[in-house]
Structure formats: structure tokens, C-alpha cells
Amino acid sequence: MSQLLIVKDLKKRFGGISALNGVSFEINTGEFVGIIGPNGAGKTTFFNTVSGSLKPDSGKVIFRGVDITGMRPSAIVRLGLARTFQLVKPFLNLSVLENVALAALSRRRREHDGLSPEAAALEVLRIVGLEARADNLASKLTHGELKRLGVAQGLVLDLLLLLLDEPFGCLSAEEISIVSEALRERSSLGVSFVIIEHRVRELMKLVSRVIALDQGSVIKVGTPDEVVNDERVLEAFLGRSSGIARSKGN
Ligand SMILES: Nc1ncnc2c1ncn2[C@@H]1O[C@H](COP(=O)(O)OP(=O)(O)O)[C@@H](O)[C@H]1O
Ligand SMILES: [Mg+2]
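Residues numbered from 1 in each chain as written. Chains lettered and ligands numbered in written order. Predicted model: local features only at pLDDT ≥ 70, side-chain atom pairs only at ≥ 80, totals over all residues. Heavy atoms only, no water.

## Here's the deal with helix α6 (residues 143-155)
Helical geometry note: an α-helix holds 3.6 residues per turn, so side chains three or four residues apart project in the same direction.
So, point 1. When the terminal C-alpha atoms of α6 are compared, their 19 Å separation across 13 residues agrees well with the 18 Å that a helix rising 1.5 Å per residue should span.
So, point 2. Burial analysis of α6 places 11 of its 13 residues in the buried class, the great majority of the element.
So, point 3. Every buried residue belonging to α6 is among G144, E145, L146, K147, R148, L149, G150, V151, A152, G154 and L155, and all of these are buried.
So, point 4. Taken together, the buried residues of α6 touch α3 (96-104), α5 (117-127), β7 (161-165), α7 (173-188) and β8 (192-196). (Helix = DSSP H or I, 4+ residues; strand = E, 2+ residues; numbered from the N terminus. Expected span 1.5 Å × (residues − 1). Buried < 20%, exposed > 50% of the residue type's maximum accessible area, 1.4 Å probe, protein only. Contact = heavy atoms within 4.5 Å.)

## Comments concerning the packing of α6 against α7
So, point 1. For the pair α6 and α7, the least separation of the axes is 11 Å and the interaxial angle reads 5 degrees. Between α6 and α7, the angle is such that the two are roughly parallel. Where α6 approaches α7, its residues G144, E145, R148, V151 and L155 are matched on the opposing element by E175, I178, V179, A182, L183 and R186.
So, point 2. Considering only residue class, the contact of α6 with α7 consists of 6 nonpolar, 1 polar and 4 charged. (Axes fitted to C-alpha atoms, helices over the stretch in contact; angles between N-to-C directions. Parallel < 35°, antiparallel > 145°, perpendicular 65-115°, else oblique. Nonpolar A, V, L, I, M, F, W, Y, C, P; charged D, E, K, R; others polar.)

## Some thoughts on the side chain of S180
So, point 1. Along the chain, S180 turns up in helix α7.
So, point 2. Not counting chain neighbours up to four residues away, the residues in contact with S180 comprise F168 and L206.

## With respect to the site of ligand 1
So, point 1. If you check the shell around ligand 1, you find F14, I17, A19, P38, N39, G40, A41, G42, K43, T44 and T45 and nothing else.
So, point 2. Here an oxygen atom of ligand 1 sits 2.8 Å away from a polar atom, N or O, in the main chain of G40.
So, point 3. Within the contact set of ligand 1, an oxygen atom lies 2.8 Å away from a side-chain nitrogen or oxygen of K43.
So, point 4. A total of 560 Å² of accessible area belongs to ligand 1 in isolation, and the protein chains cover 59% of it.
So, point 5. Every element with two or more residues in the shell around ligand 1 is listed here: β2 (17-28) and α1 (43-51).
So, point 6. Element by element, the count of residues in the shell around ligand 1 is highest for α1, at 3 residues.
So, point 7. In the shell around ligand 1, the residues fall into 5 nonpolar, 5 polar and 1 charged. (Near = heavy atom within 4 Å. Polar contact = N/O pair within 3.5 Å; in protein donor to acceptor, adjacent residues only side chain to side chain. Areas by Shrake-Rupley, 256 points an atom, 1.4 Å probe, with all protein chains shown as cover.)

## Describing the pattern of salt bridges
So, point 1. As enumerated under the stated definition, the model contains 12 salt bridges in all.
So, point 2. The residue R83 makes a salt bridge to D165 at a minimum N-O spacing of 3.5 Å. Note that R83 is positioned in strand β6 (residues 81-83) and D165 in strand β7, a separation of 82 residues in sequence. The pair R83 / D165 is uniform in exposure class, with both members buried.
So, point 3. Here the residues in one salt-bridge network are R108, R109 and D158, joined through shared partners. (Salt bridge = Lys/Arg side-chain N within 4 Å of Asp/Glu carboxyl O.)

## Digging into the packing of aromatic side chains
So, point 1. Counted according to the given criterion, the structure contains 3 aromatic pairs.
So, point 2. Residues F46 and F47 carry aromatic rings whose centres are separated by 6.3 Å and whose planes lie at 45 degrees to one another, so their mutual orientation is tilted. In this pair, the class of F46 matches that of F47, namely buried.
So, point 3. Among the aromatic residues, those joined into a cluster by ring pairs are F25, F46 and F47.
So, point 4. Lying across the ring of F85, R83 places its NZ or CZ 4.1 Å from the centre. (Phe/Tyr/Trp six-rings, centres within 6.5 Å; stacked < 30°, edge-to-face > 60°. Lys NZ or Arg CZ within 6 Å of the ring centre and 35° of its normal.)

## Digging into the packing of α3 against α5
So, point 1. Put simply, α3 and α5 touch, their axes get as near as 8 Å, and they point 115 degrees apart. As the angle between them shows, α3 and α5 are arranged roughly perpendicular. Judged by the twist between their axes, the crossing of α3 over α5 is right-handed. Taking contact as the criterion, the partners of V96, L97, V100, A101 and A104 in α3 are, on α5, P117, E118, A120, A121, L122, V124 and L125. (Left-handed = near helix turned anticlockwise from the far one by under 90°.)

## Comments concerning the sheet that holds strand β3 (residues 32-36)
So, point 1. Reading across from one edge, β6-β7-β8-β3-β9-β10 is the order of the 6 strands in this open sheet, with mixed pairing throughout. In this open sheet, the two edge strands, each paired with only one partner strand, are β6 and β10 (217-222). Between one strand axis and the next, the sheet turns through 15 degrees on average, direction left out of account. (Pairing = 2+ DSSP bridges.)

Dropping the structure here:
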């Protein structure tokens, strides 16, 4: 498998907080990778620095052999990489279809496939199960439907690598299986995914490799089984809030 994304020693501070403390790893073409970590681990900051929303203080991001460190998000989208947001904020006075069609204007290969933005939008609304809501105002969507709208806005960009920030938050079990299926379908067409998700059990069914972050550092990379059974990972998730860990002076 070829390397699609290479992240080298990425660092980002916010005042006294080291949100990313030298993060390095690679994503291969066709991979489905999960990122887990407790709140504040640096997961969203990682997505922001890779997709261009934030400039890292130091380190490098190489995508398809191109150094994209510090490039604008719009230029990075044209190369085939973008992120979705933990909080989906659509234009509430536009329809579901219009919101996705707007995203479709930034589509990679827009000039080549001959699809109108609306046609491209309808296709992804179908695969996330929102086709019947296409003409509704975005303000009428439930939390779970909003999340699915966010996934549709990511998928319509026709990317090579999509970074999804907690796509399963607020979703019912049925919605999770719809979104998982949509992602699998795109994956079979050659799209790669990195998914931040707290719903670890559902995440593990999708991904082949997991990266665990804690306090701005990678603490474990491995198969889902290896990562969820790792002592440092368990401690990072449970340690700080559990009474047992506190009584150990943690
Ligand atoms: N824009 C910002 N300004 C100041 N601090 C931030 C900002 N974004 C994130 N942080 C801090 O950086 C750390 C990592 O945050 P974040 O990447 O959002 O973590 P996660 O997504 O893993 O919960 C946290 O301590 C958070 O408070
Ligand atoms: Mg986050």
C-alpha cells in the first residue's frame, strides 16, 4: 500500500497548552483508520492542522507527496483532503439539498464528471439516507440527521481522504449502520478515511487500524484489539476519572 498522508512531528500550542506535542504517523491509500483519545487529547486540533484550518507551530504534513503544511483548506480540498466538523452548522434557511449542493461547488474533478452540484448532492443524500429530507429546511433536521448532513457534505467533495470528526455523535443505532454502510461504499471506491469517534465499539467495526492520542501525543497505534487492550490506553480513558486511579495519586 502506498502512503497517502505522512504527518511528521506535528506541534501546536495554545498559550500554555500543548495540544499537539510531536505527532507522527502515516495513512495508506485505501485505509480506514480510527482516532481515539479522552477529551482534550488533541484529536480535533490534529484534524485542524492537517486540513489547513490551523497552522501548526512546527512539523510537516505531506499529502500525495505534496507538502501541504500551512496551505489553505480550499487548496487542500482541491488536492483531495478535507475534514467534517464535530458540530455541523448548515445554513438553516436553506434546504438540505441546497446545503449539500453548496459544498458540491468545491468538488474535486467538478469540471470532469459533468454532474450538476444538485445531482451530486442528491446522490450523497441517498447514500446517507436523507433523500426524503432533501427539500426540507436544514433547521428542521434532528441532531442525528444534522450529523448525516455533515457526512454528506464531506462525501460530496469527491475526496481521496476524508477526516470525520465524531460522525456518530447523537446517532441512533440504525443511523450508525446507515452511515457506516455509506462510508464502506465510498471506501470500496478507493476513498480513505480517518475517523475520530467516542463510540469505540461502533468505530472498531469499521477501522483496520487505530491511533490513540493522549495529551497531544500518540500513545498507541495498532489493530482495534491491540489498542483497546493496551494498558496505557485504558489508563488514559479511565484513569483520570476513576476513583481507583485517583487513590493511586494519579
Ligand atoms: N482554539 C483554541 N484555543 C485555545 N485552546 C484550544 C483551542 N483548541 C483546542 N484547545 C485546547 O487544546 C487541547 C486539545 O483540544 P482538542 O484538539 O479540541 O481535543 P479533543 O478534540 O481531543 O477533545 C485542549 O486542552 C483544548 O482546550
Ligand atoms: Mg474534539
